[in-house]
Amino acid sequence: MSSDCLFCKIVAGSIPAKRVYEDELCLCFADIHPQAPTHLLMISKRHIGSLVEAGAEDAALLGHLLAKTAEVARGAGLERGYRVVINTGPNGGQTVDHLHLHLLGGRHMTWPPG
Ligand code: 5GP
Ligand code: ZN
């Protein structure tokens, strides 16, 4: 837990969030500013700042986050598809420094991203 991290505070429950899935390793909750009809964030409960900080020792955890995101998507009625995004660092558009996967669905996504 990083005491000044917004998403660590959501994990701890000191900042409320609409939780849709959690287990001992991860938490999935609704994004406060949804960019699509479905916009969820999947995070590790353990603080990792970004993908830049993730190493080989985190491979199982990263796989867990991805597999659970797919499981949540299956339960969210996104049969027509969805997009999973990991914004990383300033050029990647990351604004919260706690590794998170965006799950976006419910509308057609364009490519390339802006
Ligand atoms: P990033 O820009 O780092 O890829 O994504 C951060 C996401 O966190 C944004 O989509 C933003 O809307 C979301 N967010 C920021 N603050 C809060 C909050 O307090 N609660 C929730 N649920 N989402 C937040
Ligand atoms: Zn954190």
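Not measured: the values here are computed from a predicted model.

Draft legend 1. Region of interest: the pairing of strand β5 (residues 100–105). Counting buried positions along β5 gives six out of six residues, so the element sits mostly inside the fold. Here β5 shows a buried face lined by H100, H102 and L104 and a second buried face lined by L101, L103 and G105. Relative to β5, strand β3 (residues 38–44) runs antiparallel, the two sharing six bridges. Residue L41 lies in a different strand from β5, and its bridge partner there is H102. The pairing of strand β4 (residues 82–85) with β5 spans four bridges and is classified as antiparallel. What sits directly across from V84, in β5, is L103.

Draft legend 2. Fine view of the site of ligand 1. As a structural note, the neighbourhood of ligand 1 is formed by 16 residues, with A30, D31, N87, T95 and H102 the closest of them. D31 places a side-chain nitrogen or oxygen 2.4 Å from an oxygen atom of ligand 1. Here I32 contributes a backbone N or O atom positioned 3.3 Å from a nitrogen atom of ligand 1. In isolation ligand 1 offers 520 Å² of accessible surface; the protein chains occlude 84% of this area. According to the grid-proximity analysis, the pocket containing ligand 1 is the largest pocket. Sorting the residues of the shell around ligand 1 by element identifies α1 (6–12), β2 (26–30) and β5 as the ones contributing at least two each. Per element, the largest residue contribution to the shell around ligand 1 is three residues, and it comes from α1. Here the shell around ligand 1 is built from residues that sort into eight nonpolar, seven polar and one charged.

Draft legend 3. Focus on the coordination of the zinc ion (ligand 2). Coordination sphere of the zinc ion (ligand 2), protein contribution only: C5 (SG), C8 (SG), H47 (ND1) and H98 (ND1), at 2.0 to 2.3 Å. Bound by four donor atoms, the zinc ion (ligand 2) shows angles of 104 to 117° at the metal and therefore tetrahedral coordination geometry. Looking at C5, the relative accessible area reads 7%, which means it is buried. Since its relative accessible area comes to 26%, H47 is described here as partly exposed.

Draft legend 4. How the structure looks around the sheet that holds strand β1 (residues 19–22). What the five strands build is an open sheet, ordered β1-β2-β3-β5-β4; its pairing is antiparallel. In this open sheet, the two strands that pair with only one neighbour each are β1 and β4. Recorded for the sheet is a direction-independent mean angle of 20° between the axes of neighbouring strands. Contacts between helix α2 (residues 59–75) and the sheet are confined to β1, β2, β3, β4 and β5, with β3 contributing the most and set at about 155° to the helix.

Reading guide: rules and limits
- Residues numbered from 1 in each chain as written.
- Chains lettered and ligands numbered in written order.
- Predicted model: local features only at pLDDT ≥ 70, side-chain atom pairs only at ≥ 80, totals over all residues.
- Heavy atoms only, no water.
- Buried < 20%, exposed > 50% of the residue type's maximum accessible area, 1.4 Å probe, protein only.
- Helix = DSSP H or I, 4+ residues; strand = E, 2+ residues; numbered from the N terminus.
- Pairing = 2+ DSSP bridges.
- Near = heavy atom within 4 Å.
- Polar contact = N/O pair within 3.5 Å; in protein donor to acceptor, adjacent residues only side chain to side chain.
- Areas by Shrake-Rupley, 256 points an atom, 1.4 Å probe, with all protein chains shown as cover.
- 1 Å grid on protein atoms, 1.4 Å probe; cavity = no way out; pocket = protein on both sides within 12 Å on 5 of 7 lines; lining within 4 Å.
- Sits in = over half its atoms within 2 Å of the grid points.
- Nonpolar A, V, L, I, M, F, W, Y, C, P; charged D, E, K, R; others polar.
- Donors = N, O, S within 2.8 Å, 3.2 Å for Na, K, Ca; no water.
- Tetrahedral: all angles 85-135°; square planar, octahedral: opposite > 155°, others 65-115°.
- Axes fitted to C-alpha atoms, helices over the stretch in contact; angles between N-to-C directions.
- Contact = heavy atoms within 4.5 Å.

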